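Fold and geometry: a report
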Amino acid sequence: MQVELFSSQYKIHRLTDQNIDEIYRLLSKNALFYEYCPPFVTRESIREDMKILPPGKEQKDKYYIGFYQDEKLIAVMDFIDGYPEKGIAYIGFFMTDISLQNRGTGTAIIDDLCRYLAESGYHSVRLAWVKGNPQSEHFWLKNGFVKLRETTSNAADEVILAERLLGKTTAGW
């Protein structure tokens, strides 16, 4: 997996403990997200998120990455390769800097990612958002994701599992 090819517009780096403060600065500005997905972000919760894996996956399948513009972190993504099965990519978390929201930045990142994944042989991307979060629901539906079903997450929140099929007919192509 060549994460540097996830975007044609932004530089991408795997994030580590050395990036905790800049990740925290980006995430902590989005209070609305944490109203629907508490608790509010902490440096420790970021460290935990960098390591947590879904069932059956190993650390080599996880990419906790940052998108940079002019050396500034503008987006964070938790990406799982081959989950829940081969040919499917899973976005566990994605957030753009609040100052760039509603400007097409997130959509450009997701379109680039989906283009790369389709060219690499993946057939879909999945993710979930907390039911009732209008910001997340609007963003993902606008970006070609279709609701698959409602389910309960590990935190006992009701979430919407969604998927975007990949291929030359995918939105944004």
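Residues numbered from 1 in each chain as written. Predicted model: local features only at pLDDT ≥ 70, side-chain atom pairs only at ≥ 80, totals over all residues. Heavy atoms only, no water.

1. With respect to the nonpolar core
Where we set the bar: Residues grouped as a nonpolar core are buried Ala, Val, Leu, Ile, Met, Phe, Trp, Tyr and Cys residues, joined through side-chain atoms within 4.5 Å. Here's how the labels work: a residue is buried when its accessible area is under 20% of the maximum for its type, exposed when over 50%, partly exposed in between, all with a 1.4 Å probe on protein chains only. Numbering goes from the N terminus for both helices and strands, where a helix is a DSSP run of H or I of at least four residues and a strand is a run of E of at least two. Pairs of residues are marked as contacts when any of their non-hydrogen atoms sit within 4.5 Å.
If you look at the biggest cluster of nonpolar residues, it comprises 31 residues, and the most contacted ones within it are F67 and M77. Contributing elements (two or more residues each) for this core: strand 2 (62-69), strand 3 (72-81), strand 4 (88-96), helix 4 (105-119), strand 5 (124-130), helix 5 (134-142) and strand 7 (158-165). Looking at this core element by element, the count peaks at 6 residues for helix 4. Among all residues touching M77, those that are not within four sequence positions of it are Y63, Y64, I65, F67, I91, F93, F94, I109, I110 and L113. Ranked by size, the runner-up nonpolar core spans 16 residues in total, among them L27, F33, V76 and F93.

2. A closer look at the side chain of T96
Residue position: T96 is located in strand 4. Once residues within four sequence positions are removed from consideration, T96 is found in contact with L26, I74, A75, Q101 and G106.

3. A closer look at the environment of L141
Locating L141 in the fold gives a position in helix 5. Taking the C-alpha atoms as reference points, L141 and P84, separated by 57 residues in sequence, lie 21 Å from one another.

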